[in-house]
Amino acid sequence: MKDFVNRFSFVLSMFVCVVVYLCLAFKNPFVPNSLVSNLEPYPDTLWYSVPAWNFVNNNGFSMSVFGVEIKKMVPPAYSIYLIPFFAIFKDVRSFYFGNLLLGILSIILFGLIAKKIFKNNSLLILFLEFLLITNFYFYILPSLLMAENLTLFVTLCAVYILISKMSIKNTFFAGFVGILFWLIKFSNLTLGLSFLFLYTIKIVLENKTRSDKIKHISILVFFGILFFLYLKFSSLLAGRAGTGSIVAFSKKYFIDNFKYYINTFFGGKTSYSWYQQIFLNKYLGILSLIGFILGLWNKNTRKFTVSLFLIVFPLVIFMSFFYSPSSRYVFAVLPLLILLIGIFLDKLGSRISKKKFFVLVFLIAGVYLLSSQYSDKNEFLIVSLKKQIGLNFRHKEDPWNYLAIQSFNGYFKEKKENVYLATFLPPFYINYFMNENYKFLPIFLGQEFSDNYLKRVYKSDLIGEYKKLLEQNNELYFSNYYVNNSFDSWNMELEKIKTNFEVKKVSDGCLGSCNIYRINLKNKL
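Everything in this summary refers to the structure shown in the same document. (Residues numbered from 1 in each chain as written. Predicted model: local features only at pLDDT ≥ 70, side-chain atom pairs only at ≥ 80, totals over all residues. Heavy atoms only, no water.)

**So, the environment of serine 513**
Heads up, the rule is: Strands here mean DSSP runs of E at least two residues long; helices mean DSSP runs of H or I at least four residues long; both are numbered from the N terminus. Contacts are assigned to residue pairs with any non-hydrogen atoms lying within 4.5 Å of each other.
Checked against the element boundaries, serine 513 lands in the loop between β6 (502-507) and β7 (516-520). When the C-alpha positions of serine 513 and threonine 270 are compared, they lie 30 Å apart, and in sequence the two are 243 residues distant. The residues contacting serine 513, other than those within four sequence positions of it, are Asn480, Tyr481 and Tyr482.

**Describing the sheet that holds strand β5 (residues 475-479)**
The condition is simple: For two strands to be treated as a pair, DSSP must find no fewer than two bridges joining them. Helix axes use the C-alpha atoms of the stretch in contact, all axes being lines fitted to C-alpha atoms, and the angles between their N-to-C directions lie in the range 0 to 180 degrees.
Strand order in the open sheet made by the five strands is β4-β3-β5-β7-β6, with mixed pairing throughout. Of all strands in the sheet, those with a lone pairing partner are β4 (439-442) and β6, marking the two edges. Across the sheet, the axes of successive neighbouring strands diverge by a mean angle of 35 degrees, strand direction being ignored. Examined bridge by bridge, β6 and β7 share five bridges and lie antiparallel to one another.

**Side note on the packing of aromatic side chains**
Keep this limit in mind: Aromatic rings from Phe, Tyr and Trp, taking only the six-membered ring of Trp, are treated as a pair when their centres fall within 6.5 Å; an angle between ring planes under 30 degrees marks them as stacked, one over 60 as edge-to-face, and anything in between as tilted. For each residue, the accessible area found with a 1.4 Å probe, counting protein chains only, is set against the maximum for its type, and the residue is called buried under 20%, exposed over 50%, and partly exposed in between.
In total, this model carries 51 aromatic pairs according to the counting rule given. Geometrically, the ring pair formed by tyrosine 21 and phenylalanine 138 is tilted, given 5.3 Å between the ring centres and 50 degrees between the ring planes. Here the residue tyrosine 21 occupies a position in helix α1 (residues 2-25), and phenylalanine 138 occupies one in helix α6 (residues 136-140), the gap between them amounting to 117 residues. A single burial state applies to tyrosine 21 and to phenylalanine 138, both of which are buried.

**A word on unusual backbone geometry**
A cis amide bond links glutamate 40 to the next residue, proline 41, at an omega of 5 degrees. Within the element layout of this structure, proline 41 appears in the loop between α1 and α2 (44-56). Positive phi, normally seen in glycine, also occurs at asparagine 58, with a value near 60 degrees. As for its position among the elements, asparagine 58 is in the loop between α2 and β1 (63-65).

**Section: the pairing of strand β3 (residues 419-423)**
The test is simple: Look down the strands so they point away from you; if the path from the first strand over the helix to the second goes clockwise, the crossover is right-handed.
Burial within β3 is extensive, with five of its five residues counted as buried. Side chains Val419, Leu421 and Thr423 project from β3 onto one buried face, and the interleaved Tyr420 and Ala422 project onto a second face that is buried too. Here β3 runs beside β5; their pairing, made up of four bridges, is parallel. Residue pairing in the sheet places alanine 422 in a bridge with phenylalanine 478 of β5. By the bridge criterion, four bridges tie β3 to β4 in an arrangement that is parallel. Across the sheet, the residue bridging to alanine 422 is leucine 441, located in β4. Chirality of the crossover, the property in question, places the unit of β3, helix α18 (residues 427-433) and β4 among those that are right-handed.

**Remarks on the pattern of salt bridges**
Under the convention used in this document: Salt bridge, as applied in this entry: a Lys or Arg side-chain nitrogen positioned within 4 Å of an Asp or Glu carboxyl oxygen.
Per the stated rule, a full pass over the model turns up 13 salt bridges. Lysine 496 is paired through a salt bridge with glutamate 493; the nearest N and O atoms lie 3.5 Å apart. With lysine 496 and glutamate 493 both in helix α21 (residues 488-500), this residue pair falls three residues apart, about one helical turn. Look at lysine 496 and you get partly exposed, because its relative accessible area is 39%. The partner of glutamate 495 in a salt bridge is lysine 498, with the nearest N and O atoms 4.0 Å apart.

**Thoughts on the packing of helix α3 (residues 77-89) against helix α4 (residues 95-118)**
Under the convention used in this document: Angles below 35 degrees are treated as roughly parallel, those above 145 as roughly antiparallel, those between 65 and 115 as roughly perpendicular, and all remaining angles as oblique. Each crossing gets its handedness from the near helix: less than a right angle anticlockwise from the far helix is left-handed, clockwise is right-handed. Each residue is assigned to one class: nonpolar for Ala, Val, Leu, Ile, Met, Phe, Trp, Tyr, Cys and Pro, charged for Asp, Glu, Lys and Arg, and polar for all the others, Gly among them.
Axis separation between α3 and α4 bottoms out at 8 Å; the angle between their running directions is 120 degrees. Viewed along their axes, α3 and α4 adopt a mutual orientation that is oblique. Between α3 and α4 the crossing geometry is right-handed. For the pair α3 and α4, the contacting residues are Tyr78, Tyr81, Leu82, Phe85, Phe86 and Phe89 in the first and Phe95, Phe97, Gly98, Asn99, Leu101 and Leu102 in the second. Taken together, the residues of the contact of α3 with α4 sort by class into ten nonpolar, two polar and no charged.

**Description of α1**
We apply this condition: Multiply 1.5 Å by the residue count of a helix minus one, and that product is the helix's expected span.
An ideal rise of 1.5 Å per residue puts 34 Å on 24 residues; α1 measures up with 34 Å between its terminal C-alpha atoms. Here α1 has its buried residues at Asn6, Phe10, Ser13, Met14, Cys17, Val18, Tyr21, Leu24 and Ala25. Those residues of α1 hidden inside the fold are in contact with α4, α5 (122-133), α6 and α16 (381-393).

Dropping the structure here:
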C-alpha cells in the first residue's frame, strides 16, 4: 500500500508540474501573437532548421536555399530531431512542439532522478521540480529554435544513467548518449567527455571480473569509433564557421569569463541571447553551494556530488576560454545545481521533524517567489510568473520579422517572373514564409550569411547588379525592414541605393518599419 501511495504521489506531482510548466511555456506557434514566428536568434536557428526543412521538402538534408547549397556548420542531431515535426505540421514553427515535448520529458526525467536520490521524499521532489519549471530560461526555451532544448534533456539522461544499475543495455545507452552530446553542439565537448569518463569509472568500480569490464568498455569504444568515422566522412570540422578577426578560444578571455559564469550561478547579471533575466536566484546559488559541501562531506552522497561537479566544472572552465560568454552555454547544468539544493534540504530534513521540514520548504519557496528574476529591477517572481501566463494566453508580442514578410506577400499578390525584393532579412528565413511572386536579393553583402552564402552568389558590386536587372526589364524593390536591428553601415547601404537610383515608396507597413520602395534607373520612369 505504501508503494502505491508513493507512486501515486509521484505521478500526481509530475502531472501538476507539467500543467504549471505548460501554463508558463505554452503558445500557439502558428498565430502571430508571440515571438516564435521570428525564429530568432540568427544565424543559429537557421543552421539547425534548414537541413530538416529541406529534407521534408525533398531537397535533401542540405543547407540550401534558392538553388544554392552551402556547407553545414553545426552537428546534425537537433536537426534530425525536428524532421518528424516538420513532416507532420508542414510548418517550420512546429519546432516549438518538439521543444515543448523535450521540456515535458525533462521534467519527468528530473523527477525520476530526484526520486532515486531522495528516496520518495515527495515534498522535496515537488519543491525541486517547482524551482526548475519556474526558472525563466527553462520555460522560455521551447520558444527558441535552439539545440539547448535537446542538450538539457540529454544531460538529464546522462545523470540518470550514472545513478542506475550497471547493465549491458545501460552501457549501450551510455555510449549513445556520450556521442550524442557532440552530435548536438560542439560546445557540449566537455559534457560528453565528463559523462564518458564517469561512466568508465562506474564500469571499473561496479564490475567484478576483468571480462565484464572489457565487455562494457568495448561498447563505449565502439560508439567512439562510430563518432570519429562520422567526423571523418562528414567533413563537419572542416566546415566550421570562423569568427572573422576574433580569436574564438584564448586564455586572455579566461579570467573575465570565469568570473562571469561564477557570478551567473549566484544571481549576477547575465545574458541569454537578448534576454537579461538572472540564471539562478542568488539565494538558491548559496543553497546549491552549501549542498555541494554537505554532499562531499556525507559518504552516502559523495559519489553523486563528485559526479555533478565533474560535469559542471569542466564545462565552466572550457567555456571560459570562449570569446563570448553567455548563460546559454551552461544552461544544461541548471537542473544539476537544483539537485545540489536538494542535497542540502535532504540533509537538513533528516535532522528535523516532517512538520518543521514542511515549514522550512514553505518559507524558502516564499522567499524565492518574493525575490526578482531580474538583476536590475525589483519585481517579485510571483508577479513575473503571472505576467508570463497573461502574455501566453491573453496578450501578444509582435513577431515583426514574420509580419514584415506577410506585408511583402500582401503587396506582391500577382504572380510575376521578373520581380525582385532586396531585404536585410536572412535568405534562409525569408524562404520559409515568402510567396512565389517575388525573388530575394540582399541589400548588403555584410548581412547574415555574408561569407558562406551571399558573397558566393552575388557580386561585390550590388549596385551594379541592381542596374543590370533593371536594364533587363526586371522590377526591383527594396524594404527598409531590419535596418534598425543592425549596424550603422546598413543604413549607409540604403543611402547608396537612394543616391544611385530613383526611389519611390509604394507601400507602408509595420508602422513604417517595413515599407517597400520601388527602384528605377535615374531619369527613367
